[in-house]
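Listed below, chain by chain, are the residues.
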Amino acid sequence: MRRAARLLALCILGSIIVLVITALLTARSGNSALYPPPAGATVRTIFIINHGYHTGVALPRDALANMAVVRGHAALIAVTTRFDRFPWIEVGWGDEGFYREVPTVASLSFGLALRALFPPGNPSVLHVVGVSAEPVVVFTHSDVLRIDVSEAGFERMIGMLDATFARGADGRIADDLGRGIYGPSLFYRAVGAFNLFNVCNHWVANLLDAAGVPTTPVLATLPPGLLLDLRWRSGVVPMQR
């Protein structure tokens, strides 16, 4: 009995050591030229929303629309026009079947999780939500983190976001796939396959990385890890209400 317990403890310790080493080896240092924004520079405020099993990013619609027009981001021009009545737009990325069938943590099942995480080539979608007020006011049951990024970092982030929308043969954004899972929202076909090594939180971490924010993909696999990493290396914590 004691030997089995000792073996289990060693396995757990070994797993923790492997996790820490992998996290350190894959940690991305960010871009100090982009983040944090230098004193006196123009900043763009974004919010990371932790919904419990996935995260999304909320962006100011006007700034998003203006940048889309300047840079010719056709998908974001279409989306910001569609949601032009809202001051904020929240976007999340994930497995199509999982996203549509698991609107809340209570809807999550072991079978759905296995199907989403392990088979290769799972089609993905973007979930776009019109947000009527500052996210910390609207998402009262979620952790909300405020991050101020530089104008240049915001531009790079927006470019990556636009590229995630799937296009038709004519190069235009594909038609929406119907109503989303909460609020005034729609699903759109997305680029990229969802799997264990490319989940919704990795997508958010990639957007932050584009803006120069330090991220660690291994930790970002789960929302608590992404939030821990943001707190640890960037000093970003959930907002107080």
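As shown above, the structure is provided for reference.
Summarised in this report is the structure supplied together with it. (Residues numbered from 1 in each chain as written. Predicted model: local features only at pLDDT ≥ 70, side-chain atom pairs only at ≥ 80, totals over all residues. Heavy atoms only, no water.)

1. Thoughts on the overall build of the protein
Moving on, step 1. Within the protein one finds 9 helices and 7 strands.
Moving on, step 2. Counting the 241 residues in the protein, one finds 44% classified as buried.
Moving on, step 3. Taking the intrachain contacts of the protein between residues at least 6 apart in sequence as the baseline, contacts between residues at least 24 apart amount to 75%.
Moving on, step 4. Carbon and sulfur atoms make up 61% of the accessible area of the protein, which totals about 12100 Å². (Helix = DSSP H or I, 4+ residues; strand = E, 2+ residues; numbered from the N terminus. Buried < 20%, exposed > 50% of the residue type's maximum accessible area, 1.4 Å probe, protein only. Contact = heavy atoms within 4.5 Å. Areas by Shrake-Rupley, 256 points an atom, 1.4 Å probe, with all protein chains shown as cover.)

2. Digging into the sheet that holds strand S6 (residues 176-179)
Adjacent strands of a sheet form backbone hydrogen bonds with each other and so pair up, either parallel or antiparallel.
Moving on, step 1. With antiparallel pairing, the 7 strands of this open sheet are ordered in space as S5-S1-S2-S3-S4-S7-S6. Strands with a single pairing partner mark the edges of an open sheet, and in this sheet they are strand S5 (143-150) and S6. Put simply, the sheet's adjacent strands are angled 25° from each other on average, direction ignored.
Moving on, step 2. Two strands pair when backbone bridges link them, and strand S1 (residues 43-50) and S5 are joined in this way by 8 bridges, in the antiparallel orientation. Opposite Arg44, over in S5, you have Val149 as the bridge partner.
Moving on, step 3. Across the sheet, helix H7 (residues 151-164) is in contact with S1, strand S2 (55-60), strand S3 (88-95), strand S4 (124-131), S5 and strand S7 (185-189); its angle to S5 comes to roughly 115°. (Pairing = 2+ DSSP bridges. Axes fitted to C-alpha atoms, helices over the stretch in contact; angles between N-to-C directions.)

3. Side note on the pairing of S6
Moving on, step 1. Bridge analysis of S6 against S7 gives 3 bridges, and the strand direction is antiparallel. Among the inter-strand pairings, Arg179 is bridged to a residue of S7, identified as Leu186.

4. What about the side chain of His51?
Moving on, step 1. Take His51: it is sitting in the loop between S1 and S2.
Moving on, step 2. Within the structure, the side chain of His51 is placed 3.2 Å from the side chain of Tyr182, a separation counted as a polar contact. (Polar contact = N/O pair within 3.5 Å; in protein donor to acceptor, adjacent residues only side chain to side chain.)

5. Looking at the packing of helix H8 (residues 200-210) against helix H9 (residues 223-234)
Moving on, step 1. Interhelical geometry of H8 versus H9 gives an angle of 25° and a closest axis separation of 10 Å. Relative to H9, the element H8 is oriented roughly parallel. Of the two possible hands of crossing, H8 and H9 adopt the one that is right-handed. Within the contact between the two elements, H8 uses Asn201, Val204, Ala205 and Leu208 and H9 uses Pro223, Leu226 and Leu230.
Moving on, step 2. The residue makeup of the contact of H8 with H9, split by class, is 6 nonpolar, 1 polar and no charged. (Parallel < 35°, antiparallel > 145°, perpendicular 65-115°, else oblique. Left-handed = near helix turned anticlockwise from the far one by under 90°. Nonpolar A, V, L, I, M, F, W, Y, C, P; charged D, E, K, R; others polar.)

Function cannot be inferred from these measures alone, as they are strictly geometric.
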